[in-house]
Amino acid sequence: VTAEDSDDAPSLRVLARSSVYNAGEKKAIYCKGKNLQQNLEWYSPSGEAVEGRSTTNTRVYVERQKNDSLLPLIIHSLKIEDSGNWTCKSGELNETIEILVGERVNITNRFENFEGEEGKSVKLNCEAKGKPQPVVQWYKDIQVLSDKSKKYVVRKIRDNYQLEIKELNHRDTGEYVCKVTQNSLRYYTDKRVQLTVQHKPIMFNSDTEEIYPTSTYRTEEVYAILNETKNISCSAIAHPIPTFRWFRRYENGFEEPIEDEDMVVTSPRGNVSILVLRMHNETIYGEYKCTAKNPKGEASIVFHVTEGNKPNPPDEIGVYASNVSTITFNVTCFTCNMEFESEKAPDPENLVVIGYSFELVPAREGYPPEWDTASLFDIDIENANETLFTVGPLPNSTTFHARVRTRNAAGHSEWVDIVSADIRTTDKAIKFIASLTLLIASLLAIANI
């Protein structure tokens with residue numbers, strides 16, 4: 001409330017707006033008067049006049065100035081109970097502002113690891129105490145978790161926003177994020193929980209990442225070429241990490257364990273076991289069973305190994321283009337089977353070509369190619385008409401020896417050397433960078449003239 005507008009009329013105003021402050025902050029709020037007949041005073045939400053600073057009053061006080069037309073209200077370490085209407089008065093003149101003191105949510109343990117068990121439920125806690133009451137939402141893989149589904153239940157138990165995940169399975173493994181927002185305080189925080197679900201092994205195809213349906217046995221067709229080596233990968237998702245065992249299966253149901261350590265290789269992560277078959281003769285063909293087992297259970301898959309055809313090598317090969325880090329080859333194989341997406345069952349004697357393998361090694365004048373040190377690039381064929389294949393990354397400004405072979409489900413063709421003087425990457429990027437550096441240096445020199 002102010003008097004009528006006039007240069008000599010008494011008036012006052014608070015030099016702040018109603019606002020939200022964080023608990024623990026210090027604030028100074030000024031009240032300015034003009035042509036006042038009585039002193040300025042501040043009144044708390046309880047209606048009591050605020051006193052000056054003293055030995056017993058050190059948190060909320062006013063500081064009298066030599067100029068009586070300005071009176072600051074000082075509040076140290078704001079508290080929730082300081083919320084309310086604060087009024088500056090001088091006689092009949094007064095103005096009130098509303099102060100809302102908020103308390104930011106403080107999550108003490110923002111990162112947590114949690115283990116659950118397959119088939120059971122798990123409850124993840126998110127303690128979010130604050131004022132005003134925060135908005136809390138649980139996420140997994142950027143997706144909001146809705147408590148409308150039967151899978152997830154979100155409960156508010158006092159200040160705990162609890163997420164319950166029911167009937168755990170391997171897909172529930174991952175990071176869960178509890179996002180906490182207090183818009184009026186312009187404040188955000190979160191809690192992250194890494195959930196790991198203990199579950200029995202689940203077989204999957206490491207090439208296509210297809211997860212096989214759960215069953216006692218699953219049979220996969222594998223094709224191999226006589227007198228060559230065939231690697232068979234057995235992959236499993238499991239926690240704890242599984243133990244793999246391989247068996248040779250016979251028609252009478254007898255299973256002979258494979259104990260030769262040279263025939264079995266396990267990946268560093270422990271989730272893939274590779275059986276190495278050296279196809280010396282036709283007796284190596286047959287059925288091989290891989291079993292993955294951990295304390296939660298086991299799963300098995302049977303690989304039926306039969307003879308497949310060795311693919312024909314490429315017919316025409318050339319260099320199509322190159323740049324600073326890649327080379328694009330034009331490769332065709334007119335005598336190869338390119339029937340993609342055929343509804344027919346695979347013909348072991350004429351398997352579809354699925355891609356090409358390229359090997360490149362830097363050329364050294366006067367020396368033959370050192371293929372043992374070559375870089376290998378396996379590139380899949382996306383459609384039957386595709387002929388251009390880009391290989392890289394490669395070092396720039398380098399000339400290479402190169403060779404290529406076709407691939408099908410059984411194995412590879414013979415290598416074919418690519419004879420061309422154009423098997424080299426360019427140095428354009430280096431020239432561009434050098435030109436850019438020279439340009440910048442020139443501009444700097446001009447600026448200093």
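Everything in this summary refers to the structure shown in the same document. (Residues numbered from 1 in each chain as written. Predicted model: local features only at pLDDT ≥ 70, side-chain atom pairs only at ≥ 80, totals over all residues. Heavy atoms only, no water.)

Let's talk about the overall build of the protein
In terms of regular secondary structure, the protein is built from 1 helix and 31 strands. Relative to its length of 449 residues, the protein is extended, with a C-alpha radius of gyration of 38 Å against a globular reference of 22 Å. Expressed along its principal axes, the backbone C-alpha trace of the protein runs to roughly 115 × 75 × 40 Å. By residue count, 37% of the 449 residues in the protein fall in the buried class. In the protein, once contacts between residues fewer than 6 apart in sequence are set aside, the share between residues at least 24 apart is 65%. Carbon and sulfur atoms make up 47% of the accessible area of the protein, which totals about 27,000 Å². (Helix = DSSP H or I, 4+ residues; strand = E, 2+ residues; numbered from the N terminus. Rg over C-alpha atoms; globule rule 2.2 N^0.38 Å. Buried < 20%, exposed > 50% of the residue type's maximum accessible area, 1.4 Å probe, protein only. Contact = heavy atoms within 4.5 Å. Areas by Shrake-Rupley, 256 points an atom, 1.4 Å probe, with all protein chains shown as cover.)

So, the side chain of Glu 220
Note on placement: Glu 220 falls in strand E17 (residues 219-224). Ignoring sequence-local partners within four residues, the contact set of Glu 220 consists of Tyr 212, Ile 301, Val 302, Phe 303 and His 304.

Thoughts on the sheet that holds strand E5 (residues 60-62)
Read across the sheet, 4 strands follow the order E1-E3-E6-E5 without closing on themselves; strand pairing throughout is antiparallel. Each edge of the open sheet carries a strand with a single partner, namely strand E1 (11-14) and E5. Averaged over all pairs of adjacent strands, the angle between their axes in this sheet comes to 15°, without regard to strand direction. As paired elements, E5 and strand E6 (residues 70-75) share 3 bridges and run antiparallel to each other. Across the sheet, the residue bridging to Val 60 is Ile 75, located in E6. (Pairing = 2+ DSSP bridges. Axes fitted to C-alpha atoms, helices over the stretch in contact; angles between N-to-C directions.)

Concerning the environment of Lys 34
Within the secondary structure, Lys 34 sits in strand E3 (residues 27-34). By relative accessible area, which is 40% here, Lys 34 ends up partly exposed. Residues Lys 34 and Arg 53, 19 residues apart in the sequence, show an inter-C-alpha distance of 24 Å. What Lys 34 contacts, discounting residues up to four positions off in sequence, is Asp 7, Ala 9, Pro 10 and Ser 11.

Focus on the state of the cysteines
Throughout the structure, instances matching the rule amount to 4 disulfides. Residue pairing for Cys 126: its cysteine sulfur links by disulfide to Cys 178, the two sulfurs lying 2.1 Å apart. The sign of the S-S torsion, about -80°, decides the handedness of the disulfide formed by Cys 126 and Cys 178: left-handed. Residue Cys 126 is found in the loop between strand E10 (122-124) and strand E11 (135-140), and its partner Cys 178 is found in strand E15 (residues 174-182); the two are separated by 52 residues along the sequence. Pair check on accessibility: Cys 126 and Cys 178 agree, each one buried. With its sulfur 1.8 Å from that of its partner, Cys 333 forms a disulfide with Cys 336. (Disulfide = S-S within 2.5 Å.)

Concerning the sheet that holds strand E13 (residues 152-157)
Read from one edge to the other, the open sheet built from 3 strands follows the order E10-E14-E13, with strand pairing classed as antiparallel. Looking at the sheet topology across the chains shown, the edges are occupied by E10 and E13. Put simply, the sheet's adjacent strands are angled 25° from each other on average, direction ignored. By the bridge criterion, 3 bridges tie E10 to strand E14 (residues 160-165) in an arrangement that is antiparallel. Bridged to Leu 124 within E14 is Leu 163.

Overview of the packing of aromatic side chains
Ring pairs (aromatic) are described by centroid distance and by the angle formed between their planes. Per the counting criterion, the structure on display carries 4 aromatic pairs. When the ring of Phe 329 is compared with that of Phe 358, the centres are 5.3 Å apart and the planes differ by 20°; the resulting orientation is stacked. A residue pair is termed long-range when its members are at least 10 positions apart, and Phe 329 in strand E26 (residues 327-332) and Phe 358 in strand E27 (residues 353-362) qualify at 29 residues. For Phe 329, a relative accessible area of 0% gives the class buried. Look at Phe 358 and you get buried, because its relative accessible area is 0%. Across the ring face of Tyr 139, the terminal group of Lys 179 is positioned such that the distance to the ring centre comes to 4.2 Å. Over the ring of Tyr 367 we find Arg 364, and its NZ or CZ is 4.2 Å from the ring centre. (Phe/Tyr/Trp six-rings, centres within 6.5 Å; stacked < 30°, edge-to-face > 60°. Lys NZ or Arg CZ within 6 Å of the ring centre and 35° of its normal.)

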